[in-house]
Amino acid sequence: TYALQIASPTVGGKLLWARFVATGSIVSVTAWFLFVLQYGGYQEYLNRRRIALLASFSVVTVALAFTNHWVHAIWQSPDTIAYAGWPLLATVKGPWFWVPLAAGYLFTFGSLVVSLDMFVRSDAVHRGQAMTLLVAALVPLLGNAVFYTTARAQLPIDVTPILFTGTGAVVV
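Residues numbered from 1 in each chain as written. Predicted model: local features only at pLDDT ≥ 70, side-chain atom pairs only at ≥ 80, totals over all residues. Heavy atoms only, no water.

Peer 1: Explain the overall build of the protein chain here, please?
Peer 2: Within the protein chain one finds seven helices and two strands. What you see for the protein chain is a C-alpha radius of gyration of 17 Å, in line with the 16 Å of a compact globule of 172 residues. Taken along the three principal axes of its C-alpha coordinates, the protein chain extends 50 × 35 × 25 Å. Buried residues in the protein chain amount to 39% of all 172 residues. A distance of 8 Å separates the average location of the 9 positive side-chain charges in the protein chain from that of its 5 negative side-chain charges. (Helix = DSSP H or I, 4+ residues; strand = E, 2+ residues; numbered from the N terminus. Rg over C-alpha atoms; globule rule 2.2 N^0.38 Å. Buried < 20%, exposed > 50% of the residue type's maximum accessible area, 1.4 Å probe, protein only. Lys, Arg positive; Asp, Glu negative; His and termini not counted. Charge placed at Lys NZ, Arg CZ, Asp CG, Glu CD.)

Peer 1: Would you explain unusual backbone geometry in this entry?
Peer 2: The bulk of non-glycine residues show a negative phi, and the bulk of peptide bonds are trans. Despite not being glycine, His72 has its phi angle at roughly 50°, a positive value. Among the structural elements, His72 can be located in the loop between α4 (68–71) and β1 (75–83). Classification of His72 by relative accessible area gives partly exposed; the value is 38%. Residue Ser77 is not a glycine yet carries a positive backbone phi of 50°. Residue Ser77 is classed as exposed on the basis of its relative accessible area of 53%.

Peer 1: Can you help me understand the pairing of strand β2 (residues 86–93) in this one?
Peer 2: Within a regular strand, side chains alternate between the sheet's two faces. Note: β1 against β2, seven bridges, orientation antiparallel. Directly across from Asp79, in β2, lies its bridge partner Ala90. In sequence, β1 turns back onto β2 through a hairpin of two residues, with Ala84 there showing a positive phi of about 50°. (Pairing = 2+ DSSP bridges.)

Peer 1: Would you mind showing me how to read the side chain of Ser122 here?
Peer 2: Residue position: Ser122 is located in the loop between α5 (98–121) and α6 (124–149). Relative accessible area serves as the criterion here: at 14%, Ser122 is assigned to the buried category. Side-chain polar atoms of Ser122 contact the backbone oxygen of Met118, separated by 2.4 Å. (Polar contact = N/O pair within 3.5 Å; in protein donor to acceptor, adjacent residues only side chain to side chain.)

Peer 1: How should the environment of Ser25 be read in this particular structure?
Peer 2: Structurally, the position occupied by Ser25 is in helix α2 (residues 11–39). Considered as a pair, Ser25 and Phe164 are 139 residues apart in the sequence and their alpha carbons are 9.7 Å apart.

Peer 1: Would you take a moment to explain the nonpolar core for this structure?
Peer 2: The nonpolar side chains of soluble globular proteins are, as a tendency, buried together. Counting residues in hydrophobic clusters, the biggest one holds 34 residues, and the most contacted among them are Trp32, Leu37, Ile74, Trp75 and Phe107. Secondary-structure elements contributing two or more residues to this core are α2, α3 (48–66), α5 and α6. Of the residues forming this core, the biggest block, nine residues, is contributed by α2. With residues near it in sequence (within four places) discarded, Trp32 still touches Ser111, Leu133, Ala136, Ala137 and Val171. (Core = buried A, V, L, I, M, F, W, Y, C linked by side-chain atoms within 4.5 Å. Contact = heavy atoms within 4.5 Å.)

Peer 1: Even after reading the chapter, I still don't get the pattern of salt bridges, so can you show me in this structure?
Peer 2: Note on pairing: side chains with opposite charge can pair once their charged atoms come close. With the rule as written, the count across this model stands at one salt bridge. A salt bridge links Arg121 to Asp117, with the shortest nitrogen-to-oxygen separation between them at 2.8 Å. One end of the pair is Arg121 and the other is Asp117, both in helix α5 and four residues apart, which spans about a single turn. Asp117 sits in the partly exposed class, given a relative accessible area of 27%. (Salt bridge = Lys/Arg side-chain N within 4 Å of Asp/Glu carboxyl O.)

Peer 1: I would appreciate a short explanation of α2 in the present structure.
Peer 2: Residues that lie three or four places apart on an α-helix share one face, since the helix turns once every 3.6 residues. For α2, which comprises 29 residues, the first-to-last C-alpha distance of 41 Å matches the rise-based estimate of 42 Å (1.5 Å per residue) to within 8%. Looking one or two residues beyond α2, the residue adopting positive phi is Gly41, at roughly 90°. (Expected span 1.5 Å × (residues − 1).)

Peer 1: Even after reading the chapter, I still don't get the packing of aromatic side chains, so can you show me in this structure?
Peer 2: The geometry of an aromatic ring pair comes down to the distance between the two centres and the angle between the two planes. With the rule as written, the count across this model stands at 11 aromatic pairs. Aromatic side chains Phe97 and Trp98 sit 4.9 Å apart centroid to centroid with 80° between the ring planes, which places their arrangement in the edge-to-face category. On the accessibility criterion, Phe97 (11% relative accessible area) is buried. Taken together, the ring pairs in this structure connect Phe97, Trp98, Phe147 and Tyr148 into an aromatic cluster. Residue placement shows Arg127 over the ring face of Phe119; its charged tip is 5.8 Å from the ring centre. (Phe/Tyr/Trp six-rings, centres within 6.5 Å; stacked < 30°, edge-to-face > 60°. Lys NZ or Arg CZ within 6 Å of the ring centre and 35° of its normal.)

Remember, this is a structural readout, not a statement about activity or role.
Rendered as structure tokens:
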């Protein structure tokens, strides 16, 4: 969906696809965290109440993304900037934009801690699986951190969806 956002010629079209990108981002990072907790042997932390809390956070974020044209909680002042002939979406980040971003980092760091613990306590056979989980979380995290800490002129396209897709394919 990120490719469709980039390819869309209008601000409205880019915002439409940005809603789907936001949905995929928060749902995938939450699901990844839950998967790593389960796979890493931390089932005691996965009760219905906690899973419902995490799911409700994702639902609120998706609802705000799809009603953003009214509430402007995630994106404000949408426009485009040209990069190599492509009009890219440029926005002022709304107050809720930072909440799922911070939660995504928290969930990813949590999955890294669990994966590292799994690596340390595993036998040689299962260390490879733990290392795969570590790399699968670390690579997109680093790509996202570079995107948000680099000037937009130097890195105008968020490589996180590409990296997440690639590492997801490795895990599967």
